Amino acid sequence: MKTKKSIPQVIWGFIKGNPIVVMMAVVSIIVGFTIDNFFSFENLNVLLGNTTIRFLIALGVSGCLITKGTDLSAGRQAALAATLTGVMVQRMDYAGRLFTWMPEMNMWVVLLIVLAIGAVIGLISGSIIAYLKVPPFIATLGIQTIVYGFNLIYTNAQPIGGFHQNFKDFFNWKILAIGEFKGFSGYILFAVLFGLLFWFLYNKTTHGKYMYAIGGNENAAEVSGVNVKKKLMQIYMLAGCMYAFAGFLMTGKSGGASAGMGTSYELEAIAGCTIGGVSTTGGIGTVPGILVGVLVFELLKIVLQFLKVDPNYNYIVQGLVVITAVAMDIRKYVAKK
Amino acid sequence: MSEYRLEMRGVCKSFPGVKALNHAQLCLRPGKVHALMGENGAGKSTLMKCMFGIYSMDEGEIIYEGEKVSIKDPLEALKMGIAMVHQELQPIPARTVGENIFLGRYPMKKLLGIIPVVDHDKMYADTDALLQKVRMNFDSHQKVGELSVSQMQSVEIAKAVSANCKVLILDEPTSSLTSNEVEALFRIIEDLKADGVAIVYISHKMDEILRISDEVTIMRDGQYIGTWDCEGLTTDFIISKMVGRELTNLFPERNNVPGEVVFEVEDFTSINPKSFRHVNFQLCKGEILGVAGLVGAQRTELMEGIFGLRSHTTGTIRYQGKELIINRPKDAIDQGIAMLTEDRRATGIMGVLSIADNISIASLRQYLDYGFILNDKKIEALVQDNIKKMNTKTPSSKTQIKSLSGGNQQKVLIGRWLANNPDVLILDEPTRGIDVGAKYEIYCIIEELARAGKAIIMISSEMAELIGMSDRVMVMCDGRVTGFIDGKDATQENIMELATQFETV
């Protein structure tokens, strides 16, 4: 039977279990009270906007991580989706239009096309991993550079702009305007939507249970009747779709697209997952955890910016945070002496 | 100078939530084999890990050759002359026998008088000498990954011997050996005894203990129960000390009645010519069919073939006259076959997942609402029912399975298959590495299932278990079925006779 814990015990347990989250909360409160404009709706909107994109990528990569894999191609795949979105939503009368033969397309149709392409790339990575048994690290490293190369070639390494008004309008759409604050960007709702969807998928469907089972013990899962190969392919396919969705949002959010976008986003997503408790040894990870992890990582970047830390130093701080998070995660599993 | 080579006294060790050792003690004399016995979870391995420096003791002392010592890590233990052959072997498969034996202490020489390099010639010469000493005749240049499990074990023992050890810990050394190999191991142990090595021998096999050991120390729940001279000890006495009560029966009363033939395997042949071939057998409703054979008889491979984990070239499987097409485990499961695999850790448990997830994984499809939403309430009911029925000891259904004892893990895995209500159950070494008390419970479960009309195939390497539990025994040798013996007539002798019918080339 469970013994009831006192409130201080519960709080101490949380601090011990989530030191980085607690540390970030404390730091942001201090920064918030010492630096003007940190606690503002505008700043919150920036934070949530950045988080949305990383969160979608992190959700995609979480399936790979939970099954003891990884996906290093996430950022480049998102970039490909971003440029593809860009070329398909360019104005008909725009002089720099890349594909002049292309008809004007509804942005939701564009989204579907981009998602389909993402799924195909994911299917390819998944097949290489499941059937050719190439370790995920290597397979997705290969896919990463292939996708990047392809992206550079077809865009001629040129930035893409001149989007039609409907597309721009959608990304200027605001919700929850309060007083002088014009409201939050509407596309943040996608983070909520996909968060709920993935939570459902991971907790209430056989897909989720099988995914955790593969991460827990691939052989045991196979013996228990899980079609491991098929499941891995589905996981990488779904991941591909998520990167594509993130890429679509990246183009809309920044109003332009180029092959260089999304560089190292996969590392940020993996870092966010890890900070949020997705175990690198497989089988463990929750959607709320991933959200918190990504939020903390984005918060860290904004805090550093407010503290006027030289952006070049940010990388060092971020790297240290990631290593600390994984080191603490691993400690939970290393047998205590 | 004390009469003991090594003494451990008053050893206490706690892990979060458990007191693993509570004033345990062990005194080893030179040139004697000292059996350390106790159920799983009694603290044998923990005590050995304290001696070998893998764990640090909370309390207690180690006196080695009359002097109080503290052993901080395995390297220090090795330097002092304490060596351990672990239950789970940890060789480096891609390196040679010689490299494995001398890992971390390669013989060196100076190239051109200054550059230190590994002296391979000396290393392999020394390895050959060592292998001769442990009476093993295989090539020191062979890759360890190409050896059989028993040969790997010999390599580990050779490694311990090469350290010129004065204390040797053997943790379940015979669990994967055939009887010939056990004999070879015993000869090595005799040689080491003659050299004055103090040997700790951990095993669950009573006959071995009574044969090879001079003294027995029994532990229960982390406590020291006592030490006895082996002369005149009986199995019953040891078991009663281990479990703390008298065990009247090792096997439950058998009330299952085999019915009509339901499961047939015909001319079943592996794609691997060295594996199972032309296997025919039939299985009745409510029958327990024991499968006997030496290591390498391909019993596991045959069953994995039937279950769809391995490929076959020819052969048909029929259930109630209907042919079953099985290409992967899912096909077998869908058609009412379940298989408890041999290696719990490698292909059974999903360590970091909860008991609930481990129980429900094979039967989730039965608990879908609207075809895609899992019904948590029904699953939790299944899990609770399963835990109760199997008498699994766990704090909660959310507990990670890896924190349970072997016996309880096995109950969870059997529960996983029962949740599917299979018609044919294949149990591969269902009681391997499980303590006596839990073994009896598992036998009761198997008997109950047979009584309920399930057809059961039980692979086992323990003769007593095969003879005590089977309605019929199927014996295999080198990939072929060499005969069937009625359970009532089965003896160790007639099983062994069939198990050693090798084809003469």
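Bear in mind that the values here come from a model prediction, so they are computed numbers and not experimental data.

A.B. asks: Account for the overall build of chain A, naming residues and giving values.
C.D. replies: Regarding its fold elements, chain A presents 14 helices and 2 strands. Taking 337 residues into account, the globule formula puts the C-alpha radius of gyration at 20 Å, and chain A, at 21 Å, falls close to it. Taken over the C-alpha atoms alone, chain A extends approximately 70 × 55 × 35 Å along its principal axes. In chain A, once contacts between residues fewer than 6 apart in sequence are set aside, the share between residues at least 24 apart is 76%. Entry remark: accessible area of chain A is about 15,900 Å², with carbon and sulfur atoms responsible for 68%.

A.B. asks: Give me the lowdown on the overall build of chain B, citing residues and values where you can.
C.D. replies: Regarding its fold elements, chain B presents 17 helices and 24 strands. Compactness check: chain B gives a C-alpha radius of gyration of 25 Å against a globular reference of 23 Å for 505 residues, within 12% of the reference. Taken along the three principal axes of its C-alpha coordinates, chain B extends 75 × 55 × 50 Å. Each of the 505 residues in chain B was classed as buried or not, and the buried ones make up 54%. Put simply, of all contacts in chain B between residues at least 6 apart along the chain, 66% involve residues at least 24 apart. The distance from the centre of the 57 positive side-chain charges to the centre of the 69 negative ones in chain B is 4 Å.

A.B. asks: Tell me about the pattern of salt bridges, residues and numbers included.
C.D. replies: All names here are of chain B. Here the structure, examined in full by the defined rule, presents 32 salt bridges over all chains. Glutamate 342 is the salt-bridge partner of arginine 432, the closest N and O atoms lying 3.3 Å from each other. Of this pair, arginine 432 sits in the loop between β21 (424-428) and α15 (436-451) while glutamate 342 sits in the loop between β18 (337-340) and α11 (344-348); the two residues are 90 residues apart in sequence, bridging distant segments of the chain. Among the residues examined, arginine 432 registers a relative accessible area of 29% and is labelled partly exposed. Taking the relative accessible area as the measure of exposure, glutamate 342 reaches 28% and is therefore partly exposed.

A.B. asks: Which residues make up the sheet that holds β18(B), and what are the values?
C.D. replies: All names here are of chain B. With respect to topology, 6 strands assemble into an open sheet ordered β18-β21-β22-β15-β23-β24, the strand pairing being mixed. Strands at the two margins of the open sheet, each flanked by one partner only, are β18 and β24 (480-486). The sheet shows a mean angle of 20° between the axes of neighbouring strands, taken without regard to direction. Both strand β15 (residues 288-292) and strand β22 (residues 455-459) contribute to a ladder of 4 bridges, which runs parallel. Directly across from isoleucine 288, in β22, lies its bridge partner isoleucine 456. Sitting on the sheet, helix α14 (residues 406-418) touches β18 and β21, and the angle it makes with β18 is about 170°. Contacts from α15 reach β15, β21 and β22 within the one sheet, and its direction differs from that of β22 by about 150°.

A.B. asks: Can you tell me about the nonpolar core, naming the residues and giving the values?
C.D. replies: Ranked by size, the top nonpolar core spans 150 residues in total, and within it B:Phe263, B:Phe281, B:Leu302, B:Met303 and B:Ile306 carry the most contacts. The element best represented in this core is helix α11 (residues 228-254) of chain A, accounting for 14 residues. Look past the residues within four positions of B:Phe263 in its chain and what remains in contact with it is B:Phe281, B:Gln282, B:Leu283, B:Ile306, B:Ile317, B:Arg318, B:Tyr319, B:Leu324, B:Ile337, B:Val424 and B:Ile457.

A.B. asks: Which residues make up the layout of surface pockets, and what are the values?
C.D. replies: Residue and element names in this part refer to chain A. By volume, the second largest pocket amounts to about 1,100 Å³. Lining the second largest pocket we find 39 residues, and of these Asn203, Tyr212, Ile284, Gly285 and Thr286 sit closest to its centre. The biggest single contributor to the lining of the second largest pocket is helix α14 (residues 311-333), with 5 residues. A per-class count over the lining of the second largest pocket returns 18 nonpolar, 12 polar and 9 charged.

A.B. asks: Tell me what's going on with the interface of chain A and chain B, and back it up with residues and numbers.
C.D. replies: Residue-level contacts link 26 residues of chain A with 39 residues of chain B. Taken together, the links from chain A to chain B amount to 2 salt bridges. Of all the secondary structure elements, the ones that give two or more residues to the side of chain A that touches chain B are α8 (188-204), α9 (206-216) and α10 (218-223) of chain A. Among the elements that take part in the side of chain A that touches chain B, α9(A) stands out by supplying 6 residues, more than any other.

A.B. asks: Mind laying out the sheet that holds strand β16 (residues 312-319) of chain B, listing which residues take part and the relevant values?
C.D. replies: Residue and element names in this part refer to chain B. Judged by pairing direction, the sheet is antiparallel, and its 4 strands sit side by side in the order β14-β13-β16-β17 without closing on themselves. Edge positions in the sheet fall to β14 (279-284) and β17 (322-324), since each has one partner strand and no second. Taking each pair of neighbouring strands and ignoring which way they run, the sheet shows an average axis angle of 20°. Sheet analysis places β16 next to β17, joined by 3 bridges and oriented antiparallel.

A.B. asks: Explain the confidence of the model for chain B to me, using residue names and the numbers behind them.
C.D. replies: All names here are of chain B. Looking at chain B, the pLDDT average stands at 87 and 96% of residues meet or exceed 70. Per-element confidence in chain B ranges from a low mean pLDDT of 78 for helix α5 (residues 149-162) to a high of 96 for β21. Prediction confidence for the complex, expressed as pTM and ipTM, is 0.79 and 0.85 respectively.

A.B. asks: Report on α8(A), specifying residues and quantitative values.
C.D. replies: Working note: α-helix, 3.6 residues per turn, so residues spaced by three or four point in the same direction. Counted at 1.5 Å a residue, the expected span for α8(A) with its 17 residues is 24 Å, and the 24 Å between its end C-alpha atoms agrees. Residues of α8(A) that are buried include every one of A:Ile188, A:Phe190, A:Ala191, A:Phe194, A:Gly195, A:Phe198, A:Tyr202 and A:Lys204, and no others.

A.B. asks: Which residues make up the packing of α9(A) against α11(A), and what values do they have?
C.D. replies: All names here are of chain A. Between α9 and α11, whose axes approach to 10 Å, the crossing angle comes to 110°. Judged by the inter-axis angle, α9 sits roughly perpendicular to α11. Along its contact with α9, which presents His207, Tyr210, Met211 and Ile214, the element α11 presents Val228, Lys231, Leu232, Gln234, Ile235 and Leu238. Residues belonging to the contact of α9 with α11 are distributed by class as follows: 7 nonpolar, 2 polar and 1 charged.

A.B. asks: Tell me about unusual backbone geometry, and please be specific about residues and values.
C.D. replies: Residues and elements named next belong to chain B. A positive phi is found at glutamate 65, a non-glycine position, where the angle reads about 50°. The residue glutamate 65 is located in the loop between β4 (59-64) and β5 (67-69) in this model. What makes glutamate 65 partly exposed here is its relative accessible area of 25%.

A.B. asks: Describe the packing of aromatic side chains, naming the residues involved and giving the relevant values.
C.D. replies: Residue and element names in this part refer to chain A. For the structure on display, the rule yields 30 aromatic pairs over all chains. Consider the rings of tryptophan 108 and phenylalanine 170, whose centres lie 5.1 Å apart with planes at 85°: the pair is edge-to-face. Taken together, the residues tryptophan 108 in helix α5 (residues 107-130) and phenylalanine 170 in helix α7 (residues 165-172) connect sequence positions 62 residues apart. Given the relative accessible area of 38%, tryptophan 108 is considered partly exposed. Taking 5.8 Å as the distance between ring centres and 80° as the angle between the ring planes, the aromatic pair formed by phenylalanine 167 and phenylalanine 248 counts as edge-to-face. Within this pair, whereas phenylalanine 167 is found in helix α7, its partner phenylalanine 248 is found in helix α11, the two being separated by 81 residues in sequence. Across from the ring centre of tyrosine 265, 4.2 Å away, lies the NZ or CZ of arginine 54, which sits over that ring.

A.B. asks: Can you tell me about the state of the cysteines, naming the residues and giving the values?
C.D. replies: Summed over the entire model, instances satisfying the criterion amount to 0 disulfides over all chains. In this model A:Cys273 remains outside any disulfide bridge; the closest cysteine sulfur is found in A:Cys64, 9.3 Å from its own. Here B:Cys230 stays free of any disulfide, with the sulfur of B:Cys27 as its closest cysteine sulfur at 16 Å. The class of B:Cys230 is buried, set by a relative accessible area of 8%.

A.B. asks: So what's going on with the environment of A:Gln318? Residues and values would help.
C.D. replies: Residues and elements named next belong to chain A. The topology assignment puts glutamine 318 in helix α14. With 47 residues separating them along the chain, glutamine 318 and alanine 271 place their C-alpha atoms 8.9 Å apart. Setting aside its immediate chain neighbours within four residues, glutamine 318 contacts Phe297, Leu300 and Lys301.

Rules and cut-offs
- Think of each chain on its own: its residues are numbered from 1, step by step along the sequence as written.
- Both sets of labels track the order of writing: A upward for chains, 1 upward for ligands.
- In view of the model being predicted, local features appear only for residues whose pLDDT reaches at least 70, and side-chain atom pairs are presented and counted only at 80 or more, with totals across whole chains, interfaces and linings using the full set of residues.
- Side-chain metrics in this entry use all non-hydrogen atoms of the structure; hydrogen atoms and water are not considered.
- Only DSSP runs of H or I reaching four residues or more are called helices, and only runs of E reaching two or more are called strands; each is numbered from the N terminus.
- We compute the radius of gyration from the C-alpha atoms alone; for a globule the expected value is 2.2 Å times N to the 0.38, where N is the number of residues.
- Here, residues are in contact when the closest pair of their heavy atoms is within 4.5 Å.
- Areas reported as accessible are Shrake-Rupley estimates using a 1.4 Å probe. Residue values count occlusion only from the protein chains shown.
- Only protein chains enter the area calculation, which uses a 1.4 Å probe; residues under 20% of their type maximum are buried, those over 50% are exposed, and those in between are partly exposed.
- His is not counted, nor are the chain ends, whereas Lys and Arg count as positive and Asp and Glu as negative.
- By convention, charge coordinates are those of NZ in Lys, CZ in Arg, CG in Asp, or CD in Glu.
- We count a salt bridge whenever a side-chain nitrogen from Lys or Arg sits within 4 Å of a carboxyl oxygen from Asp or Glu.
- By the convention used here, strands pair only if DSSP detects at least 2 bridges between them.
- Axes here mean lines fitted to C-alpha atoms, for a helix over just the part in contact, with angles spanning 0 to 180 degrees between N-to-C directions.
- Joining through side-chain atoms within 4.5 Å is the link that ties buried Ala, Val, Leu, Ile, Met, Phe, Trp, Tyr and Cys residues into a set, and such a set is a nonpolar core.
- Detection works on a 1 Å grid of protein atoms alone, calling trapped sets that fit a 1.4 Å probe cavities and calling open sets with protein on both sides within 12 Å along at least five of seven lines pockets, with lining residues defined by an atom within 4 Å of a point.
- Grid points are joined across faces, edges and corners, and a volume is the space filled by probe spheres set on the points.
- Amino acids outside the nonpolar list (Ala, Val, Leu, Ile, Met, Phe, Trp, Tyr, Cys, Pro) and the charged list (Asp, Glu, Lys, Arg) are all regarded as polar, and Gly is one of them.
- pLDDT runs from 0 to 100 and stands for how confident the predictor is about each residue.
- In this analysis, the expected span of each helix is defined as 1.5 Å times one less than the number of residues it contains.
- Here the angle decides the label: under 35 degrees means roughly parallel, over 145 means roughly antiparallel, 65 to 115 means roughly perpendicular, and every other value means oblique.
- When the centres of two rings from Phe, Tyr and Trp lie within 6.5 Å, Trp using its six-membered ring, the rings pair. Their planes under 30 degrees apart give stacked, over 60 give edge-to-face, and anything left gives tilted.
- Charge-over-ring contacts are defined here by two conditions on Lys NZ or Arg CZ: a distance within 6 Å of the ring centre and an angle within 35 degrees of the ring normal.
- Cysteine sulfur atoms are paired as a disulfide whenever they come within 2.5 Å of each other.

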